[in-house]
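# Chain and residue survey
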Amino acid sequence: MIIMADYIPWEEQELGKTPEAQYDTIACLQVTKWIHLTAGDEGLKRSFRKMYRQLKPGGILLLEAQGWPAYTSAMKLTEKLYQAYQNINFRPEQFNEFLLSPEVGFSSHTVIGAPIHTSRKSRSSLMYSLSLSLV
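Residues numbered from 1 in each chain as written. Predicted model: local features only at pLDDT ≥ 70, side-chain atom pairs only at ≥ 80, totals over all residues. Heavy atoms only, no water.

### Quick notes on the overall build of the protein
- Scanning the protein from N- to C-terminus turns up six helices and four strands.
- Reading the secondary structure of the protein in the N-to-C direction produces α-β-α-β-α-α-α-β-α-β.
- Counting only residues that meet the buried cut, the protein has 39% of its 135 residues in that class.
- Put simply, of all contacts in the protein between residues at least 6 apart along the chain, 75% involve residues at least 24 apart.
- Surface summary for the protein: the accessible area is close to 7900 Å², and the carbon and sulfur share equals 55%. (Helix = DSSP H or I, 4+ residues; strand = E, 2+ residues; numbered from the N terminus. Buried < 20%, exposed > 50% of the residue type's maximum accessible area, 1.4 Å probe, protein only. Contact = heavy atoms within 4.5 Å. Areas by Shrake-Rupley, 256 points an atom, 1.4 Å probe, with all protein chains shown as cover.)

### Details of the pattern of salt bridges
- For the coordinates displayed, the defined rule picks out two salt bridges.
- With a closest N to O distance of 3.8 Å, D24 and K56 form a salt bridge. Of this pair, D24 sits in strand β1 (residues 23-29) while K56 sits in strand β2 (residues 55-65), and the two are 32 residues apart along the sequence.
- A salt bridge links R49 to E103, with the shortest nitrogen-to-oxygen separation between them at 3.1 Å. Placement of R49 in helix α2 (residues 32-54) and of E103 in the loop between α5 (95-99) and β3 (108-113) is noted, with a sequence separation of 54 residues between them.
- Taking the relative accessible area as the measure of exposure, E103 reaches 46% and is therefore partly exposed. (Salt bridge = Lys/Arg side-chain N within 4 Å of Asp/Glu carboxyl O.)

### Remarks on the pairing of β2
- Pairing of β1 with β2, which is carried by six bridges, proceeds in the parallel orientation. Pairing of C28 across the sheet is with L63, part of β2.
- Once you follow β1 into α2 and on to β2, the crossover reads as right-handed. (Pairing = 2+ DSSP bridges. Right-handed = clockwise from strand over helix to strand, strands pointing away.)

### Side note on the packing of aromatic side chains
- Summed over all chains, the structure comprises seven aromatic pairs.
- On the numbers, 6.4 Å between centres and 40° between planes, the contact of F48 with F98 is tilted. Pair noted here: F48 is in helix α2 and F98 is in helix α5, with a separation of 50 residues, a long-range link.
- Of the residues examined, F98 reaches a relative accessible area of 8% and is grouped as buried.
- For the pair F90 and F95, a centre-to-centre distance of 4.9 Å together with 45° between the ring planes defines the contact as tilted. (Phe/Tyr/Trp six-rings, centres within 6.5 Å; stacked < 30°, edge-to-face > 60°.)

### Some thoughts on α2
- Here α2 is 23 residues long, yet its end C-alpha atoms lie only 17 Å apart, well below the 33 Å a rise of 1.5 Å per residue gives.
- The sharpest bend along α2 measures roughly 125° and falls at A39.
- For α2, the buried fraction is high: 17 of the 23 residues fall into the buried class. (Expected span 1.5 Å × (residues − 1). Bend = angle between axes of the 7 residues up to and from the residue.)

Given below as structure tokens:
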């Protein structure tokens, strides 16, 4: 089943309402930049925590995060995106450390590989497989 919806938990208390452990796999492909520019550092972190909570034990998060260069072209689209870009402190190169931290809880990651694209913006993306501990 594929579900397309507004996934971002806009407030911290919304995480408490998140149904837990319902998916074997969550694919988050090429959208972290847009979550980040729409909801900021904390919105993206809440989204990562929500993904973790919704995975069944042994579940996998496939994450293809855009690199920082991709943000610079997006921030030029509107004034609102530009302002959001100016306030970002949580950079894509920090995502892995955050996802593996006790704040989220993933136990491991595997770099699956870099997608083959011709555009400069896409080359910095990596795909990760993060699996939950069965503890």
